[in-house]
Amino acid sequence: MIEGRRRGRFITFEGPDGSGKSTQAERLAAVLRADGLDVVLTREPGGTPLGERVRAVLLDRDAAGRHSPRADALLFSAARAQHVDDVIEPALVRGAVVVCDRYADSTAAYQGYGSGLSLDELRRLEAFATRGLRPDLVILLDLSVTAGMGRRLAGEPGSVNRFESPEAFDAAFHERVRAGFLALAAADPARWRVVDADRPADEIAQDVVALVRAFLGSVPERR
Ligand code: TYD
């Protein structure tokens, strides 16, 4: 079983669209590398050639409305299975710190809380796709729906995907996603940390680095 063989640490970033996860994941990885750690920075959907192809299918704006939530859940999970096997597990076995921009909790928040699929069924799907590999630490970058959308729409043209294009934008869906993330965090406070993401990136980065250093320092290395 994966869990018994890994020595590394698995840290994920979660949060609504526009919460700045990618920037913060990159910054954290750079700081930990400067600390001398072996760091693997990766993302979902993506992280492998198969995952990147699935990502293109999933985020195609022209496909808006044509995927059923079950099909989405299976596609995200297929990409995740490949990602665990090819990238995350080997890095953890080697003892690296894996920093991942989104993971299975995004499926619970988006396809579960957002689209209404059963959380129990999604957890079973997650267990199958990941072979039970769960993050040691989940950093939730929490942001209001309006602030998140404002950031994304002000960003790069083409940076909005089918979950967030203005014509497809469903504020109630994104409110459910945000509430879902907060519920997941509240249910498992030992693994989750909630960070207020409606602040300048430097302030958020300081908090993230401090909490990750505290976490890494407090957990003895697995042997
Ligand atoms: P991402 O590339 O992280 O977008 P952003 O930078 O806006 O956060 O994620 C792409 C979209 O896919 C995002 O809207 C969240 C969604 N998503 C799911 O619905 N389920 C999942 O399991 C994952 C990983 C992402």
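So, here's what we can say about the structure. All of these numbers come straight from a predicted model, not from anything done at the bench.

Thoughts on the pattern of salt bridges
Counted according to the given criterion, the structure contains 17 salt bridges. Residues participating in the shared-partner salt-bridge network are Asp-105, Arg-123, Glu-126 and Arg-134.

Side note on the packing of aromatic side chains
All chains considered together, the criterion is met by three aromatic pairs. Ring centres 4.8 Å apart and planes at 80° place the aromatic pair Phe-10 and Tyr-103 in the edge-to-face group. On the criterion of sequence distance, the pair formed by Phe-10 in strand 1 (residues 9-14) and Tyr-103 in the loop between strand 3 (97-101) and helix 5 (104-114) is long-range, its members being 93 residues apart. Taken as a pair, Phe-10 and Tyr-103 share a single burial class, namely buried.

As for the side chain of Asp-72
Note that Asp-72 resides in helix 4 (residues 69-94). Of the residues examined, Asp-72 reaches a relative accessible area of 5% and is grouped as buried. Among the polar contacts listed, one links the side chain of Asp-72 to the side chain of His-67, at a separation of 2.9 Å.

With respect to the site of the ligand
The environment of the ligand is formed by 16 residues, the closest being Lys-21, Arg-55, Arg-102, Thr-107 and Arg-152. One of the side-chain N or O atoms of Arg-55 is found 2.6 Å from an oxygen atom in the ligand. Arg-102 is positioned with one of its side-chain polar atoms (N or O) 2.7 Å from an oxygen atom of the ligand. Protein burial of the ligand: of its 540 Å² of free accessible surface, 95% is covered by the chains.

Some details on the packing of helix 5 against helix 6 (residues 119-130)
In the contact formed by helix 5 and helix 6, the axes pass within 10 Å of each other and the chain directions differ by 150°. The pairing of helix 5 with helix 6 is recorded here as roughly antiparallel in orientation. Handedness of the crossing formed by helix 5 with helix 6: right-handed. Every residue of helix 6 that contacts helix 5 at Ala-104, Asp-105, Thr-107, Ala-108, Gln-111, Gly-112 and Tyr-113 is listed here: Leu-119, Leu-122, Arg-123 and Glu-126. Among the residues forming the contact of helix 5 with helix 6, the class breakdown is five nonpolar, three polar and three charged.

About the criteria used
All residue numbers refer to position in the chain's written sequence, counted from 1. Only residues with pLDDT of at least 70 get local features here, since the model is predicted, and only at 80 or more are side-chain atom pairs given and counted; chain-wide, interface and lining totals rely on the full set of residues. The side-chain figures draw on all heavy atoms in the structure; neither hydrogens nor water molecules are used. When a carboxyl oxygen of Asp or Glu lies within 4 Å of a side-chain nitrogen of Lys or Arg, that pair is called a salt bridge. Two rings belonging to Phe, Tyr or Trp (six-membered ring only in the last case) form a pair when the distance between their centres is within 6.5 Å. Interplanar angles under 30 degrees mark stacking, angles over 60 mark edge-to-face geometry, and anything in between is tilted. A run of H or I in DSSP counts as a helix once it spans at least four residues, and a run of E counts as a strand once it spans at least two, with each numbered from the N terminus. Here's how the labels work: a residue is buried when its accessible area is under 20% of the maximum for its type, exposed when over 50%, partly exposed in between, all with a 1.4 Å probe on protein chains only. Polar contact criterion, stated in full: a pair of N or O atoms within 3.5 Å, where within protein one must be able to donate a hydrogen and the other to accept it, and residues adjacent in sequence count only if both atoms are side-chain atoms. Working definition: residue near molecule or strand if any one of its non-hydrogen atoms lies within 4 Å of it. The accessible surface values rely on the Shrake-Rupley method and a 1.4 Å probe; as for residues, cover is taken only from the protein chains in view. Every axis in this analysis is a line fitted to C-alpha atoms, fitted for helices over the stretch in contact. Angles between the N-to-C directions lie between 0 and 180 degrees. For classification, angles of less than 35 degrees are called roughly parallel, those exceeding 145 degrees roughly antiparallel, those between 65 and 115 degrees roughly perpendicular, and all remaining angles oblique. Two helices cross in a left-handed way if the nearer one is turned anticlockwise from the farther one by less than a right angle. They cross in a right-handed way if the turn is clockwise. The contact criterion used throughout is that any non-hydrogen atoms of two residues lie within 4.5 Å. Amino acids are sorted into nonpolar (Ala, Val, Leu, Ile, Met, Phe, Trp, Tyr, Cys and Pro), charged (Asp, Glu, Lys and Arg) and polar (every other residue, Gly among them).

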